[in-house]
Amino acid sequence: MTRIDPALETRMANAIRALAMDAVEAAKSGHPGAPMGMADVATVLFHRFMRLDPADHRWPDRDRFVMSAGHGSMLVYAINHLLGYGDMDMDQLRRFRQLGSRTAGHPEYGHAQGIETTTGPLGQGITTAVGMALAERMANARWGDDLVDHWTYVIAGDGCLMEGISHEAIDIAGHLRLGRLVVMWDDNGITIDGGTELSSSTDQKARFAAAGWHVQAVDGHDREAVAAAIQAARADDRPSLIACKTVIGFGAPTKQGSHDVHGAPLGPEEIAAARKALDWPYDPFTLPEDVSAAWAAIARRGAQARAEWQARLDGSDHRTAFLKAQDRPDAGALRSAIANHCAKIAAERPGLATRKASEMALEVVNATLPNTIGGSADLTGSNNTRSQGMRAVTPGDYAGNYVHYGIREHGMAAMMNGIALHGGFVPYGGTFLAFADYSRPAIRLGALMEVPVVHVMTHDSIGLGEDGPTHQPVEHLAALRAIPNLMVFRPADAVETAEAWEIALTAATTPSVLALSRQNLPTVRIDDDAENRSRRGAYVLRATPVERDVTLIATGSEVEIALAAADLLKAERINAAVVSAPCFELFSQQDPAYRQGVLCDAPRIGIEAAIRQGWDQVLRPEDGFVGMTGFGASAPAPDLYRHFGITAENVAGLAKTLIAQSLKNGGK
């Protein structure tokens, strides 16, 4: 451990406080309270324990630091500046919360080096960190201590621990005995409205202990006590909570300890008084040389550790495989394997649920890609997410490749983000589409961070039948399609399902949702075509011999209905083209000529066992839609489709009405 000069370490902590209050004051907005309150804890952590190298911010064996209480972002930015990250100069701190700066109001992954995950929605950070800690243990089981031997540290606030997702996080972390995870709770007793006693009486230490955590409590301003607690946490094989009793806004003479310092600038007078109280006689955004040198020494220590690790990697028999695991999946190998699989399907033409087709595709995927990590929120047998030969990850045995997340959809989605952010693995996990609302905040953050996680969501419509409207997702596709940078796939058959898997797993910066059916569907892609047609988002599945009279556009299980409707119309000499649209997001990225060629100018009808919202990319106001206008009901699937009018007969009838209206209005 580094030899400690207490007076210098005090000044190192006060540098964080000064930079935080100066940046918030310059921005006239922000949260100075948490950075000032946790400056002592953070200084001890980085000065005495953290191992990282700002010159190589993606070093795989670095320690991870997550500021779960993301409103305290200036703590992160101040530390990263002090450590010498090349993209965090003082001008970035001066431009805190300004357009185009790297110092956003909350830490944003990808905006600056040294930010391991986007935080802000409270509780997401700690849960994402659980995924990182799990990934570290899984990687260690594969590559050993020489290549994987790091820690995940979290600063969490009262709000993080009040949010429901925190229970999911601490429960599974304790169960899996993720001993490389240390959470430092900023126990300051303050929320925006006032003291925590306004809304909570929970004994958080008892809650963590009940979940199997190692729990300690310290004075967060007693640096030796904090250091001893971190040392004890590192010696225990359980995840650790250190309850750090702190004073929010520590150093601000008249505002510290109150909610007034939580989310507002201190003001010039209070800052001047704080400078005096902290014995910090320097101008704003100015650092003394001894403090800068002390923080720079942390970076030098990390650079030496990285160099030693690099030497071990270069001499390791695992070098090639380890580096390959850090890369994106082998797109060429996957394309070849999926193409062969699709050719076999086209030849055999099975009728099966797309959730089963997904399981078949996963047999190919998991045999081709060595570092996929599957899982489900207690629905493995329904989601069909576990292929043959997959081993479960269990407490103390992390060599498996399948995670039983339990009934924790929100936690699962956030943990998968953490696994992907950690690197070395490609995670996917399953639940029902109706539970997408539980997962949505983490899916949204994954899309914001551009993390390519795959969310398998089965039982995608009223087609699930008797479980009824609570489990029948009618608005969920629209809600997911509203998230920017998220691909939502609703494949029509086994071919499109396999194609969706290929696209999702080779996406570099976009997460995906696969919405899959419970009921059996026929194979509609019977051509032996080596092209992944789903990559276009939508395509003409059945063309017309002459100019079309109507275009029927469908997704998933309703493609079968569109084809049947086209047959009915053909019998009346009406030419109906059928378009399969497995992914609206990909279709919107195609060039205008391609989109026009698929859609054409004839009347269009959208067909989906969901609400119409979100179909504006392919339907005009005058076009028709056959789908849901309200919630479903409990009954066998065929009865429900008839009851709600999602039938080939209704599609054909609507087509004739629209064609007649078009002719009346001067159309073809």
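You'll find the structure just up there.
How each quantity is defined
Residues numbered from 1 in each chain as written. Predicted model: local features only at pLDDT ≥ 70, side-chain atom pairs only at ≥ 80, totals over all residues. Heavy atoms only, no water. 1 Å grid on protein atoms, 1.4 Å probe; cavity = no way out; pocket = protein on both sides within 12 Å on 5 of 7 lines; lining within 4 Å. Points joined across faces, edges and corners; volume = space filled by probe spheres on them. Helix = DSSP H or I, 4+ residues; strand = E, 2+ residues; numbered from the N terminus. Nonpolar A, V, L, I, M, F, W, Y, C, P; charged D, E, K, R; others polar. Core = buried A, V, L, I, M, F, W, Y, C linked by side-chain atoms within 4.5 Å. Buried < 20%, exposed > 50% of the residue type's maximum accessible area, 1.4 Å probe, protein only. Contact = heavy atoms within 4.5 Å. Expected span 1.5 Å × (residues − 1).

### Side note on empty space enclosed by the protein
Any empty space left between the atoms is revealed when a probe the size of a water molecule rolls over them.
Part 1 of the argument: In total, this model carries 4 cavities of 30 Å³ or more according to the counting rule given.
Part 2 of the argument: Approximately 110 Å³ is the volume attributed to the largest cavity.
Part 3 of the argument: Around the largest cavity sit 16 residues that line it, and Leu52, Phe65, Tyr85, Gly114 and Glu116 are the ones nearest its centre.
Part 4 of the argument: Looking at the lining of the largest cavity, the elements that each hand over two or more residues are β1 (64–67) and α4 (73–83).
Part 5 of the argument: Broken down by element, the residue count for the lining of the largest cavity peaks at 3 residues, all from α4.
Part 6 of the argument: The residue inventory of the lining of the largest cavity, partitioned by class, reads 7 nonpolar, 3 polar and 6 charged.
Part 7 of the argument: For the second largest cavity, the calculated volume is near 80 Å³.
Part 8 of the argument: Lining the second largest cavity are 14 residues, with Ala139, Phe322, Gln326, His422 and Gly423 sitting closest to its centre.
Part 9 of the argument: Those elements that provide at least two residues to the lining of the second largest cavity are α6 (124–143) and α13 (319–326).
Part 10 of the argument: When the residues that make up the lining of the second largest cavity are grouped by side-chain class, the tally is 7 nonpolar, 5 polar and 2 charged.

### What about the nonpolar core?
Part 1 of the argument: Within the largest apolar cluster, 123 residues are counted, with the highest numbers of intra-cluster contacts made by Phe46, Phe65, Leu134, Tyr153, Met184 and Trp295.
Part 2 of the argument: With 11 residues, the single largest contributor to this core is helix α1 (residues 6–27).
Part 3 of the argument: Each residue touching Leu134, except ones within four places of it in the same chain, is listed here: Leu176, Leu178, Val393, Tyr398, Val403, Met415 and Ile419.

### Concerning α6
Part 1 of the argument: With 20 residues, α6 should cover 28 Å at 1.5 Å per step; its first-to-last C-alpha distance of 28 Å lies within 8% of that length.
Part 2 of the argument: The element α6 is largely enclosed, with a buried count of 18 among its 20 residues.
Part 3 of the argument: Just beyond α6, the residue with positive phi is Gly144, at close to 85°.

### So, the side chain of Gln216
Part 1 of the argument: By the element assignment, Gln216 lies in strand β4 (residues 214–219).
Part 2 of the argument: Gln216 gets classed as buried once you look at its relative accessible area, which sits at 16%.
Part 3 of the argument: Once residues within four sequence positions are removed from consideration, Gln216 is found in contact with Ala228, Ala229, Ala232, Ala233, Leu241, Ile242 and Ala243.

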